[in-house]
Amino acid sequence: MKKIAVFPGSFDPITLGHVSVIKRAIPLFDQVIIAIGDNADKKHMFTAKQRENWIREVFKNEPKVTIEIYSGLTVEFCKQRNVHFILRGLRTSADFEFERSIAQINRRLAPEVDTLFILTESQYTPISSSIVRDVIRNNGNISEFVPPEVKV
Ligand code: ADP
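The notes below deal with the structure included here.

About the thresholds
- Residues numbered from 1 in each chain as written.
- Predicted model: local features only at pLDDT ≥ 70, side-chain atom pairs only at ≥ 80, totals over all residues.
- Heavy atoms only, no water.
- Helix = DSSP H or I, 4+ residues; strand = E, 2+ residues; numbered from the N terminus.
- Expected span 1.5 Å × (residues − 1).
- Buried < 20%, exposed > 50% of the residue type's maximum accessible area, 1.4 Å probe, protein only.
- Contact = heavy atoms within 4.5 Å.
- Pairing = 2+ DSSP bridges.
- Right-handed = clockwise from strand over helix to strand, strands pointing away.
- Salt bridge = Lys/Arg side-chain N within 4 Å of Asp/Glu carboxyl O.

**Some points on helix 4 (residues 93–109)**
Consideration 1: Over its 17 residues, helix 4 runs 24 Å from end to end, which matches the ideal 24 Å to within 8%, given 1.5 Å per residue.
Consideration 2: Every buried residue of helix 4 is accounted for by Asp95, Glu99, Ala103 and Asn106.
Consideration 3: In this structure, the buried residues of helix 4 make contact with helix 3 (74–80), strand 4 (85–90) and strand 5 (114–119).

**Some points on the pairing of strand 2 (residues 31–37)**
Consideration 1: Burial analysis of strand 2 places 7 of its 7 residues in the buried class, the great majority of the element.
Consideration 2: What you see with strand 2 is no split at all: Gln31, Ile33, Ala35 and Gly37 on one side and Val32, Ile34 and Ile36 on the other are buried throughout.
Consideration 3: In this structure, strand 1 (residues 4–9) lies alongside strand 2, joined through 6 bridges in parallel fashion. Bridge pairing in strand 2 links Val6 to Ile33.
Consideration 4: Following the backbone out of strand 1, through helix 1 (residues 16–25) and into the adjacent parallel strand 2, one traces a crossover that is right-handed.
Consideration 5: Pairing of strand 2 with strand 3 (residues 65–70) involves 6 bridges; the strand directions are parallel. From the neighbouring strand, Ile33 faces strand 3, where its bridge partner is Thr66.
Consideration 6: For the segment spanning strand 2, helix 2 (residues 48–58) and strand 3, crossover handedness is right-handed.

**Some words on the pattern of salt bridges**
Consideration 1: As enumerated under the stated definition, the model contains 14 salt bridges in all.
Consideration 2: Of the charged contacts, one joins Lys60 and Glu57 as a salt bridge, the two residues approaching to 3.1 Å between their closest N and O atoms.
Consideration 3: Judged by its relative accessible area of 53%, Lys60 is exposed.
Consideration 4: Glu57 gets classed as partly exposed once you look at its relative accessible area, which sits at 38%.
Consideration 5: The partner of Glu99 in a salt bridge is Arg88, and the shortest N-O contact between them spans 2.8 Å.

Below, the structure is given as structure tokens:
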């Protein structure tokens, strides 16, 4: 059986923190699906297509990485593709509390799917897409926080 992980997120935009988690997951799995959430109830700064294009550029030389846009429940996305692992990154204890409840609810919804966590590299702990968006809105320089493929 192929070991496949889904890394779900908004990636609005993708940051160096996300890239680091994905790169560290690649040796552990046969395939990593980056699943870009596009839910109508969430206001995004960048369109799903734009977010996808940047991620595609970043991982163009990684044959194990595939990219999809999805909406709805992550566990439904996993079930449809027969995926048994959800990958998430952890930065802080606040992330942990938030992720814990999502992962435990997901287990109830789909006991065949497990969530695995990768702890962020220390230099990426303060980076979040929402802070990057704030810097963009205020015309600041984001080059230290996002991969060079993200051009805004
Ligand atoms: P969501 O809207 O689902 O939280 P994000 O795109 O913000 O989506 O994050 C996707 C995943 O990446 C989450 O598991 C989040 O904790 C993780 N993540 C975000 N920023 C970092 C970072 N700097 N280091 C490690 N993991 C991160």
